[in-house]
Amino acid sequence: MIRINENYTKLVSTYLFSEVARRVDEFQKSHPDRRIVRLGIGDVTLPLTPAVVAAFQAAVAEMGKDATFRGYGPDLGYDFLRKAIAEGDFRAHGAEVSAEEVFISDGSKCDTANIQELFAVDIRIAIPDPVYPVYVDTNVMAGRTGPWRDGRYGGVIYLDCTEDNGFVPDPPRSRVDLVYLCFPNNPTGATITRAQLAAWVSYARASRALILYDAAYVSYIRDESLPQSIFEIPGSRECAIEFRSFSKTAGFTGTRCAFTVIPKECMAWDAEGGAHPLHELWSRRMSTKFNGVSYPVQRAAAAVYTPQGLKETRGLSDFYLGNAKIIRDRMTGMGFPCIGGEDSPYIWAQVKMDSWKFFDLLLDKAGVVVTPGAGFGACGEGYARISAFNSREKVELAMEKMEAVASELRE
Ligand code: MLT
């Protein structure tokens, strides 16, 4: 008899963004004439930039000629892209990362989800709340949590991110083995200072813990005092892995390309205390389970690091940050206090009511979709995440629609 992985039965609901999509589809079916504006899932709307498209097309043309056709690429990524990343994203900012430490993949969602198969099932994990749901759900699937009780999974050390700590958690007093951090944060848009990140690094080193640092939204940082990479912090190479993506940096949500950086000094231990380089384990995992990202996509990604590519892709994040400012200002004007949206494409608005109730009310009254804060964790209750990924026209329209019914968006 084929049996299931019963950890899946512990999952309390469908994946957050699938549930949002389901409710929106249902609403649209019952209100076919209503125009819906989507500021829910963080999916980009601007097209790939000209430098990226030119490199993409040139690589596709190469694939169509005998002399330049390529079959399987290297499992861990082409050197031209790994070198461009190490130089452009890290060394240029004073972070010591070599090309061999960069693993090219088809997405940070998959990487942050898959990395945990390198670790024992009985480790203690610390996860911020609110949080990108993938970190929690994948640990539930792996059997690293107890059942869901009173709004949380047993066995997880939740790091509450609230107004009181500026939505940036301090290291816990208790010992943990694996910590997830994401800055600029999804969903709150909060950023972490160098000193706060340094405190996490020293905690991890002292307890031989590992930090999984998701920097998918790094290209939205405008405040130059903020760290771009955890590898700017001394000592981090021993205790951190960083995830980055071209999705929100260069509009690759549909094109698919991302990367994970694992320094060669970064270790995890076996039951006898023997140290194992995570770089070797992940190389083994990737070469066994992954055949690489397509050559044209990697050429397109490499074009992001050319002078023209850098200029153009900066234009993308500038544009979405312009949307974020409009959303933040107008939401504040409507009486919803906000954080985020300054070095981040997400605005975290305090809606002062049950967040799914706000979601349904907003959809019904204004035809605007946001993501309910509770979908990101118990501490997200009373908040909504608003995404700045849309056209200027749709963002303005969403704000107008909300302003027209603002007095009805209260309990
Ligand atoms: C989000 O809306 O949180 C993101 O689109 C999720 C993702 O990047 O997978």
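Residues numbered from 1 in each chain as written. Predicted model: local features only at pLDDT ≥ 70, side-chain atom pairs only at ≥ 80, totals over all residues. Heavy atoms only, no water.

**Notes on the overall build of the chain**
Along the backbone of the chain there are 12 helices and 17 strands. What you see for the chain is a C-alpha radius of gyration of 21 Å, in line with the 22 Å of a compact globule of 411 residues. In terms of its C-alpha atoms, the chain occupies a principal-axis envelope of roughly 60 × 55 × 55 Å. In the chain, which comprises 411 residues, the share counted as buried stands at 54%. Here the chain contributes 46 positively and 52 negatively charged side chains, and the mean placements of these two sets differ by 2 Å. (Helix = DSSP H or I, 4+ residues; strand = E, 2+ residues; numbered from the N terminus. Rg over C-alpha atoms; globule rule 2.2 N^0.38 Å. Buried < 20%, exposed > 50% of the residue type's maximum accessible area, 1.4 Å probe, protein only. Lys, Arg positive; Asp, Glu negative; His and termini not counted. Charge placed at Lys NZ, Arg CZ, Asp CG, Glu CD.)

**Concerning the sheet that holds strand 16 (residues 371–372)**
Pairing in this open sheet of 4 strands is antiparallel, and the strands run 13-14-17-16 from one edge to the other. Edge positions in the sheet fall to strand 13 (338–340) and strand 16, since each of these pairs with one other strand and no more. Where strand 16 meets strand 17 (residues 383–387), 2 bridges bridge the pair, whose relative direction is antiparallel. Within strand 17, the position partnered with Thr 371 by the bridge is Arg 385. Seen against the sheet, helix 10 (residues 307–333) touches strand 13, strand 14 (346–350) and strand 17 and runs at an angle of roughly 160° to strand 13. (Pairing = 2+ DSSP bridges. Contact = heavy atoms within 4.5 Å. Axes fitted to C-alpha atoms, helices over the stretch in contact; angles between N-to-C directions.)

**Focus on unusual backbone geometry**
In this chain, Asp 129 is followed by Pro 130 through a cis amide linkage whose omega measures 5°. The topology assignment puts Pro 130 in the loop between strand 3 (125–129) and helix 5 (133–141). Each neighbour pair has its own omega, and for Asn 186 with Pro 187 the value is 20°, a cis peptide bond. Secondary-structure assignment places Pro 187 in the loop between strand 7 (178–182) and helix 6 (194–207). Despite not being glycine, Phe 167 shows a phi value in the positive range, around 65°. Among the structural elements, Phe 167 can be located in the loop between strand 6 (157–160) and strand 7. One non-glycine residue, Arg 256, adopts positive backbone phi at about 75°. Following the sequence through the fold, Arg 256 ends up in the loop between helix 7 (247–250) and strand 10 (258–261).

**Describing helix 3 (residues 79–90)**
For helix 3, built from 12 residues, the straight-helix expectation of 16 Å at 1.5 Å per residue is met to within 8% by its first-to-last C-alpha distance of 16 Å. Leu 81, Arg 82, Ala 84, Ile 85, Ala 86, Asp 89 and Phe 90 are the residues of helix 3 that are buried. Among the structural elements, strand 2 (102–105), strand 9 (240–245), strand 10 and helix 9 (295–302) are those in contact with the buried residues of helix 3. (Expected span 1.5 Å × (residues − 1).)

**Side note on the pairing of strand 8 (residues 210–214)**
Regular strands show a simple pattern: their side chains alternate between the two faces of the sheet. A large share of strand 8 lies buried, amounting to 5 of its 5 residues. Taking every second residue as pointing to the same face, both faces of strand 8 are buried, with Leu 210, Leu 212 and Asp 214 on one and Ile 211 and Tyr 213 on the other. As defined by bridge partners, strand 7 adjoins strand 8 across 5 bridges and the pair is classed as parallel. By the bridge assignment, Tyr 180 is partnered in strand 8 with Leu 212.

**Notes on the site of the ligand**
Neighbouring the ligand are the residues Phe 17, Ile 41, Gly 42, Tyr 132, Asn 186, Tyr 217, Lys 248, Tyr 346 and Arg 385. Here an oxygen atom of the ligand and a side-chain polar atom of Tyr 132 are 2.5 Å apart. The separation between an oxygen atom of the ligand and a polar side-chain atom of Lys 248 is 2.9 Å. In isolation the ligand exposes 270 Å². Once the protein is present, 83% of that is buried. Residues lining the shell around the ligand come from more than one domain, with at least three contributed by each of domain 1 (6–47 + 309–409) and domain 2 (52–305). (Near = heavy atom within 4 Å. Polar contact = N/O pair within 3.5 Å; in protein donor to acceptor, adjacent residues only side chain to side chain. Areas by Shrake-Rupley, 256 points an atom, 1.4 Å probe, with all protein chains shown as cover. Domains from an automatic or database assignment.)

**Looking at the domain arrangement of the chain**
Here the chain is described as being made up of domain 1 (6–47 + 309–409) and domain 2 (52–305). Centre-to-centre separation of domain 1 and domain 2, based on C-alpha positions: 25 Å. Between domain 1 and domain 2, the residue contacts involve 38 residues of the former and 49 residues of the latter. Roughly 3300 Å² of surface becomes buried between domain 1 and domain 2 when both sides are summed, with 61% attributable to carbon and sulfur atoms. At the junction of domain 1 and domain 2, the tally comes to 1 salt bridge. Ionic pairing is found between Asp 318 and Arg 222, a salt bridge with its closest N-O pair at 2.8 Å. Here domain 1 and domain 2 share 15 residue pairs in polar contact (both at pLDDT 80 or more) between them. (Buried area = accessible area lost by both parts, 1.4 Å probe. Salt bridge = Lys/Arg side-chain N within 4 Å of Asp/Glu carboxyl O.)

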